[in-house]
Amino acid sequence: MAALLADRPDLDGVFAANDNMGAGALRTLREAGRLVPADVAVVGFDDLAVARIADPPLTTVHQPITVLGREMAWMLVALVDGHYPTPLILPSVS
């Protein structure tokens with residue numbers, strides 16, 4: 001986040017690949033004197049507990065972790081049985 005701010009000081013929004021990175025972005029923005037969301041909007045991905053306890057709370061996109069784990073297990077079993085699983089896209093909700 002610090003390098004991004006140095007390269008783009010007029011930055012007004014960030015989408016982090018996950019909530020942990022989003023929480024880190026919030027901390028770095030605060031240290032740089034930038035206000036969230038007034039100066040920079042920050043969005044994370046995963047809907048982890050860190051999003052709720054961050055200051056300010058991190059806007060996040062929900063990823064259905066339990067469903068994802070179950071589907072990955074089915075894919076692994078299929079692969080072990082000699083089948084090639086098909087790609088899967090799970091819905092996410094903000």
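Coordinates for the structure precede this section.
Residues numbered from 1 in each chain as written. Predicted model: local features only at pLDDT ≥ 70, side-chain atom pairs only at ≥ 80, totals over all residues. Heavy atoms only, no water.

Enquirer: Help me understand the nonpolar core, please; the structure alone is not making it clear to me.
Expert: In a soluble, globular protein the nonpolar side chains are often hidden away together inside. One finds Leu 5, Leu 11, Val 14, Ala 25, Leu 26, Leu 29, Val 36, Val 40, Val 42, Ala 51, Ala 54 and Leu 58 forming the largest nonpolar core, which totals twelve residues. If near-sequence neighbours (up to four positions away) are discounted, Ala 51 is found in contact with Asp 19, Pro 57, Leu 58 and Thr 60. (Core = buried A, V, L, I, M, F, W, Y, C linked by side-chain atoms within 4.5 Å. Buried < 20%, exposed > 50% of the residue type's maximum accessible area, 1.4 Å probe, protein only. Contact = heavy atoms within 4.5 Å.)

Enquirer: Looking at this structure, how should I read the pattern of salt bridges?
Expert: Pairing is possible between side chains of opposite charge, provided their charged atoms come close. All chains considered together, the criterion is met by two salt bridges. Between Asp 7 and Arg 8 there is a salt bridge, and its shortest N-O distance comes to 3.9 Å. Taking the relative accessible area as the measure of exposure, Asp 7 reaches 54% and is therefore exposed. As a salt-bridge pair, Arg 52 and Asp 47 come within 3.5 Å of each other at their nearest N and O atoms. (Salt bridge = Lys/Arg side-chain N within 4 Å of Asp/Glu carboxyl O.)

Enquirer: Can you walk me through the sheet that holds strand S1 (residues 13-15) in this structure?
Expert: Strand pairing in a sheet relies on backbone hydrogen bonds, with the paired strands running either antiparallel or parallel. Within the open sheet, the three strands sit side by side as S1-S2-S3. Their pairing is parallel. Among the strands making up the open sheet, the edge pair consists of S1 and strand S3 (59-62). Ignoring which end each strand starts from, the neighbouring axes of this sheet average 15° apart. Across three bridges, the pairing between S1 and strand S2 (residues 41-46) is parallel. Along S2, the bridge assignment pairs Val 14 with Val 42. On top of the sheet, helix H2 (residues 19-31) reaches S2 and S3; it is set at about 160° to S2, its chief contact. (Pairing = 2+ DSSP bridges. Helix = DSSP H or I, 4+ residues; strand = E, 2+ residues; numbered from the N terminus. Axes fitted to C-alpha atoms, helices over the stretch in contact; angles between N-to-C directions.)

Enquirer: Any chance you could explain helix H4 (residues 65-80) here in plain terms?
Expert: What sets the pattern is the α-helix's 3.6 residues per turn: residues three or four places apart point alike. For H4, built from 16 residues, the straight-helix expectation of 22 Å at 1.5 Å per residue is met to within 8% by its first-to-last C-alpha distance of 22 Å. Count one or two residues on from H4 and you reach Gly 82, which has phi positive near 90°. (Expected span 1.5 Å × (residues − 1).)

Enquirer: I tried to follow the pairing of S2 on my own but got confused; where do I start?
Expert: A regular strand places its side chains on the two faces of the sheet in alternate fashion. Here S2 shows a clear split, with Val 42, Gly 44 and Asp 46 buried on one side and none of Ala 41, Val 43 and Phe 45 buried on the other. Since S1 and S2 lie parallel, the crossover through H2 that links them has a hand, and here it is right-handed. Relative to S3, S2 is paired through four bridges, and the arrangement is parallel. Across the sheet, Val 43 pairs through a bridge with Thr 59, a residue of S3. (Right-handed = clockwise from strand over helix to strand, strands pointing away.)

Enquirer: Would you mind going over a nonpolar patch on the surface with me for this structure?
Expert: Residues Leu 76, Leu 79, Val 80 and Tyr 84 make up a contiguous nonpolar surface patch of about 500 Å² in total accessible area. Position of Leu 76 relative to the elements: it lies in helix H4. (Patch = residues over 30% accessible without salt bridge, like charges linked within 9 Å, V, L, I, M, F, W, Y side chains within 5 Å. Areas by Shrake-Rupley, 256 points an atom, 1.4 Å probe, with all protein chains shown as cover.)

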